[in-house]
Amino acid sequence: MFFKPKTRTTADLPPARQFTGQGIICISGLYKCGTSWLSLALGSHPDALALPELDIVRAFGHEYETPLRPRTPQERIRYLLTASNYGRLPAVVTALDKTPSSHELYDYLETNSSKRIFIKNAFTGTEYIRLKSNPSGGSSGRLQRYCTYWDLDETSAQQLCNLCCDANPADEAIRRFAALHAGFSGKRVIFKSADQINFLHHIERILPDAQRVVIIRDGRDMAISASKFETYIKKKTHFADVWNMAAVDFWTRLEQWAHVATVIKNAEADGRIILLRYEDLHAAFEHTLGQLLHRCGLSVSAQILADIRRNTSFAKMSGGRNKGEEDLASNIRRGITGEWREVLDGASKARAWAVAGSALEMFGYTKN
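Residues numbered from 1 in each chain as written. Predicted model: local features only at pLDDT ≥ 70, side-chain atom pairs only at ≥ 80, totals over all residues. Heavy atoms only, no water.

J.: Can you explain the side chain of arginine 321? Please cite residues and give values.
T.: Position of arginine 321 among the secondary structure elements: in the loop between helix 15 (314-318) and helix 16 (340-343). Here glutamate 325 takes part through its backbone oxygen, which lies 2.6 Å from a polar atom of the side chain of arginine 321. (Helix = DSSP H or I, 4+ residues; strand = E, 2+ residues; numbered from the N terminus. Polar contact = N/O pair within 3.5 Å; in protein donor to acceptor, adjacent residues only side chain to side chain.)

Quick look at the structure:
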């Protein structure tokens, strides 16, 4: 859950070098496989805090290199505030009569990027100025203004900027960043990034005591959903340029899914992750989530599960739509399973099974 934390200073933080990920839950999986829904569900638990999406490995280091080569302070600011949802915490534009929804707010900030827009943080009540981050860089001042989320005093806010933006080793920066959020919140902190599964070895090494949860979805549905959502991303946001998004067709997506799915299955077999299926969360929400909460050391009760289900229902998350009603401009598109059955024709269904059948079978998915 999101909350208003008490005012703290960085003196409250545990020593970063001694922090090994205690109380941290890392959610990952594949693109468009339910990581956002799962993060919101876990974050709706009274003893947990789900942060907006951020790949902490990519934010602080060059993810494909071992050991991690640290990113420059400018690159870190870019990833924290421009190329991730972490810098887009819910807020209200105080100059507007009507509070916009999250995507309306984003569009408002995009179209008024050169204006000094006063924003009141929805959690702390603090009013501050929000300027669009420059994709090519930025200043620690923008990050410092973001620190109003944590209701920090000015000195501690600057210290947080130093933790994030100093040219320190990537491993140390990640530990400090995770320790900072765990220390300030006093709750189980959830970091979520769909792509983080590709860099699981970095998380295991840097935060060995963090719990690693992976959610997977039928690759045929994933490929359909990803293709449609990417069309929206390229038309409506600047993320396509920031992420250097290239066009990827359905078949390439499905091949990528099959490869990563095999990696996920091997990781589960080795006991490195907690795995669940998107379809099981749909079909038996309370049972599936209850088992996950128990494994994560979070309390489970009928009331907690009912509250989480109510807070994460498709109708509430989509602004009142029924399951199956599509909104291409929303991250919550249709809220259904088995879409591939209606979208693919007979020949495409057969080809999809030829491409990814062995990987699909590993997770209990069938040809028809």
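Alright, that's what it looks like, and here's the rest.
J.: Describe the sheet that holds strand 9 (residues 211-216), listing the residues and the values that go with them.
T.: With parallel pairing, five strands are arranged side by side in an open sheet as 2-8-1-9-10. Each having just a single partner strand, strand 2 (48-50) and strand 10 (274-277) make up the two edges of the open sheet. Each strand of the sheet is rotated relative to its neighbour by a mean of 25°, with strand direction disregarded. In this sheet, strand 8 (residues 188-192) lies alongside strand 2 in parallel orientation, the contact comprising three bridges. Bridge pairing in strand 8 places alanine 48 opposite arginine 188. Lying on the sheet, helix 11 (residues 250-269) is in contact with strand 9 and strand 10; it crosses strand 9 at an angle near 140°. Most of the contacts of helix 13 (residues 285-295) go to strand 10, to which it runs at about 170°, and overall it touches strand 9 and strand 10. (Pairing = 2+ DSSP bridges. Axes fitted to C-alpha atoms, helices over the stretch in contact; angles between N-to-C directions. Contact = heavy atoms within 4.5 Å.)

J.: Please set out the side chain of arginine 188 residue by residue, giving values where relevant.
T.: In this fold, arginine 188 is placed in strand 8. One buried charged residue, arginine 188, remains without a salt bridge, the closest side chain of opposite sign being aspartate 47 at 8.5 Å. At a separation of 2.6 Å, a polar atom in the side chain of arginine 188 contacts the side chain of glutamine 211. Residue contacts for arginine 188: discarding those within four places in its chain leaves Gly23, Ile25, Asp47, Ala48, Leu49, Gln211, Cys296, Gly297 and Leu298. (Buried < 20%, exposed > 50% of the residue type's maximum accessible area, 1.4 Å probe, protein only. Lys, Arg positive; Asp, Glu negative; His and termini not counted. Salt bridge = Lys/Arg side-chain N within 4 Å of Asp/Glu carboxyl O.)

J.: Explain empty space enclosed by the protein residue by residue, including any values.
T.: Here the idea is plain: a probe the size of a water molecule rolls over the atoms and shows the empty space left. Scanning all chains against the criterion turns up two cavities of 30 Å³ or more. Roughly 30 Å³ of volume is contained in the second largest cavity. Around the second largest cavity sit Cys26, Ser28, Gln196, Ile197, Leu200, Ile203 and Arg212, which together line it. Listed by contribution, the elements that provide at least two residues to the lining of the second largest cavity are strand 1 (24-29) and helix 8 (200-206). Residue classes in the lining of the second largest cavity are distributed as four nonpolar, two polar and one charged. (1 Å grid on protein atoms, 1.4 Å probe; cavity = no way out; pocket = protein on both sides within 12 Å on 5 of 7 lines; lining within 4 Å. Points joined across faces, edges and corners; volume = space filled by probe spheres on them. Nonpolar A, V, L, I, M, F, W, Y, C, P; charged D, E, K, R; others polar.)

J.: How would you summarise the nonpolar core if you had to cite specific residues and measurements?
T.: Formed by 29 residues in total, the largest nonpolar core has its most connected members in Ile216, Trp257, Ile264 and Phe363. Those elements that place two or more of their residues in this core are strand 9, helix 9 (219-236), helix 11 and helix 17 (346-362). Among the elements that line this core, the one with the most residues is helix 11, at nine residues. Excluding anything up to four places from it in sequence, tryptophan 257 contacts Leu30, Ile216, Arg217, Asp218, Gly219, Met222, Ala356, Ala359, Leu360, Phe363 and Tyr365. By size, the runner-up hydrophobic cluster in this structure holds 27 residues, among which are Ile24, Leu54, Ile206 and Ala210. (Core = buried A, V, L, I, M, F, W, Y, C linked by side-chain atoms within 4.5 Å.)

J.: So what's going on with the environment of aspartate 280? Which residues, and what values?
T.: By secondary structure assignment, the location of aspartate 280 is in helix 12 (residues 278-283). Overall, the relative accessible area of 29% leaves aspartate 280 in the partly exposed class. Through-space distance from the C-alpha of aspartate 280 to that of arginine 217 is 9.5 Å; in sequence the pair is 63 residues apart. Residues contacting aspartate 280, with those up to four places away along its chain left out, are Phe285 and Thr288.

J.: Describe the layout of surface pockets, and please don't skip the residues or the numbers.
T.: Quantified by volume, the second largest pocket comes out at close to 170 Å³. As for the second largest pocket, its lining consists of Ile274, Leu275, Leu276, Arg277, Asp280, Thr288, Gln291, Leu292 and Arg295. Counting only elements with at least two residues in the lining of the second largest pocket, the list comes to strand 10 and helix 13. Of the residues in the lining of the second largest pocket, the class split is four nonpolar, two polar and three charged.

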